[in-house]
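Examining the three-dimensional arrangement
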Amino acid sequence: MEKVTYKKMGSLCWIMINRPNVHNAIDYDVMDQLMSHLTTAEKDSGVKAIILTGAGEKTFCSGGDLQKFHSLHTKEEALVMLSKMGDVLYRIATFPKITVAFLNGTAVGGGCELATSCDYRLALPGNKFGFIQGSLGITTGWGGTTLLMERIHPSLALPLLHSCERKQTEEGLKIGFINSLLNREEPIEAQIEEWIKPLIHPSLAVLQSYKSYYIDRLHTLDVKVRMEREIEQCATLWQEKEHHDAVNAFLRK
Ligand SMILES: CC[C@@H](C(=O)O)C(=O)SCCNC(=O)CCNC(=O)[C@H](O)C(C)(C)COP(=O)(O)OP(=O)(O)OC[C@H]1O[C@@H](n2cnc3c(N)ncnc32)[C@H](O)[C@@H]1OP(=O)(O)O
């Protein structure tokens, strides 16, 4: 079974992480398949926007696969993994078409970082999101803090990061992290199509031009370099006992 599925519907393409038994955690296969689907969507001139989501109703994404990545011990080992997913996030952040994360359920750790890499975030009321990395003795490791500072004001981003708390999506809406909350009772795909309709300009060239001005801004702000620095700092913390003890505790629970 594919760990990431790809479905084209009109001008939208749906990219779904499909590992519900581990809350859509990200392993190396997921990273490779995300990259490959992004390439397909970029090349297809009929695609104007991608919707990134997770399988099932419980979780959007629970971040890195702690069972698999727990075997990474040194800074160098961690850096390889973190940089690989950092490249996926940078690719999404600089993707030439519209990118939307639909938080079908909880988003935690790297799952929140992944959502942050998209232009827009849609969610359901009553769900949770949290940059909980601090509770594992690490920081965001895929460049998500750098990107979060681009999405919301740093004075709103810092408390999310410092507290490591899981917040309600309603609070995410209030601080502008989430762009809109959908209605649980209505068909989701139709609601997302309605929400995005006004943003989908008939001309792909117009859409791509506006996106390119935003990407210029990311270049000017040295976002790639800052993401790399963030990734390296997480790799440094990854090798510490505090991190491994916290992951052990999670896996033993
Ligand atoms: C690596 C990069 C780093 C970053 O840059 O940000 C990270 O992403 S660190 C990872 C941060 N993520 C977490 O710490 C999330 C851990 N998961 C949870 O908090 C919870 O599982 C949940 C997502 C809130 C769901 O809770 P619940 O409904 O109570 O389910 P369980 O906890 O019982 O989980 C069921 C099953 O799934 C496995 N699982 C969950 N998350 C992961 C994960 N990220 N990686 C691997 N496996 C995961 C969990 O171990 C259970 O497995 P079994 O016991 O074998 O059924």
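The sections below set out a description of the structure shown in this document. Because the structure is predicted, anything quoted here is derived from the model rather than measured.

**Considerations on the state of the cysteines**
Using the criterion set out here, one finds 0 disulfides in the structure. The structure places no disulfide on Cys13, whose sulfur is separated from the nearest cysteine sulfur, that of Cys118, by 11 Å. With no disulfide of its own, Cys164 lies 12 Å from the sulfur of Cys112, the closest cysteine sulfur.

**Side note on the nonpolar core**
Nonpolar side chains in soluble globular proteins tend to end up buried together. Ile26, Leu82, Met85, Leu114 and Trp238 are the most contacted members of the largest nonpolar core, which has 59 residues in total. Considering every element that reaches this core, the biggest residue donor is helix α3 (residues 75-93), with 9 residues. Every residue in contact with Ile26, bar those within four places of it in the chain, is listed here: Ile17, Arg19, Met31, Cys61, Gly63, Gly64, Asp65, Phe69, Met85, Leu114 and Trp142. Within the second largest apolar cluster, 15 residues are counted, among which are Leu12, Ala49, Leu124 and Leu182.

**Looking at the site of the ligand**
The local shell around the ligand holds 24 residues, among which Ser62, Gly64, Glu113, Gln133 and Lys253 are the closest. Glu113 has a polar side-chain atom sitting 2.6 Å from an oxygen atom of the ligand. About the coverage of the ligand: the protein hides 74% of its 1,000 Å² of free accessible area. Only α2 (66-69) and α4 (110-116) provide two or more residues apiece to the shell around the ligand. Taken together, the residues of the shell around the ligand break down into 10 nonpolar, 10 polar and 4 charged.

What counts as what
The written sequence of each chain sets the order in which its residues are numbered from 1. Given that this is a predicted model, residues contribute local features only at a pLDDT of at least 70 and side-chain atom pairs are listed and counted only at 80 or more, while totals for whole chains, interfaces and linings are drawn from all residues. The side-chain quantities take in all heavy atoms of the structure and omit both hydrogens and water. By definition, disulfides here are pairs of cysteine sulfur atoms that lie within 2.5 Å. Only buried Ala, Val, Leu, Ile, Met, Phe, Trp, Tyr and Cys residues count toward a nonpolar core, and they belong to the same one when joined by side-chain atoms within 4.5 Å. A 1.4 Å probe rolled over the protein chains alone gives each residue an accessible area, and that area as a share of the maximum for its type sets the label: buried under 20%, exposed over 50%, partly exposed in between. Each helix is a run of H or I in the DSSP string that is no shorter than four residues. Each strand is a run of E no shorter than two, and both are numbered from the N terminus. Note on contacts: a residue pair qualifies if any of its non-hydrogen atoms lie within 4.5 Å across the two residues. Any residue with a heavy atom positioned within 4 Å of a molecule or strand is treated as near that molecule or strand. Within 3.5 Å is the distance limit for a polar contact, defined as a pair of N or O atoms, with the added protein rule that one can donate a hydrogen and the other accept it, and that residues adjacent in sequence qualify only through two side-chain atoms. Per-residue and other accessible areas were derived by the Shrake-Rupley procedure at a 1.4 Å probe size, with only the shown protein chains allowed to occlude residues. Amino acids are sorted into nonpolar (Ala, Val, Leu, Ile, Met, Phe, Trp, Tyr, Cys and Pro), charged (Asp, Glu, Lys and Arg) and polar (every other residue, Gly among them).

Without other data, these values stay purely geometric and don't point to any function.
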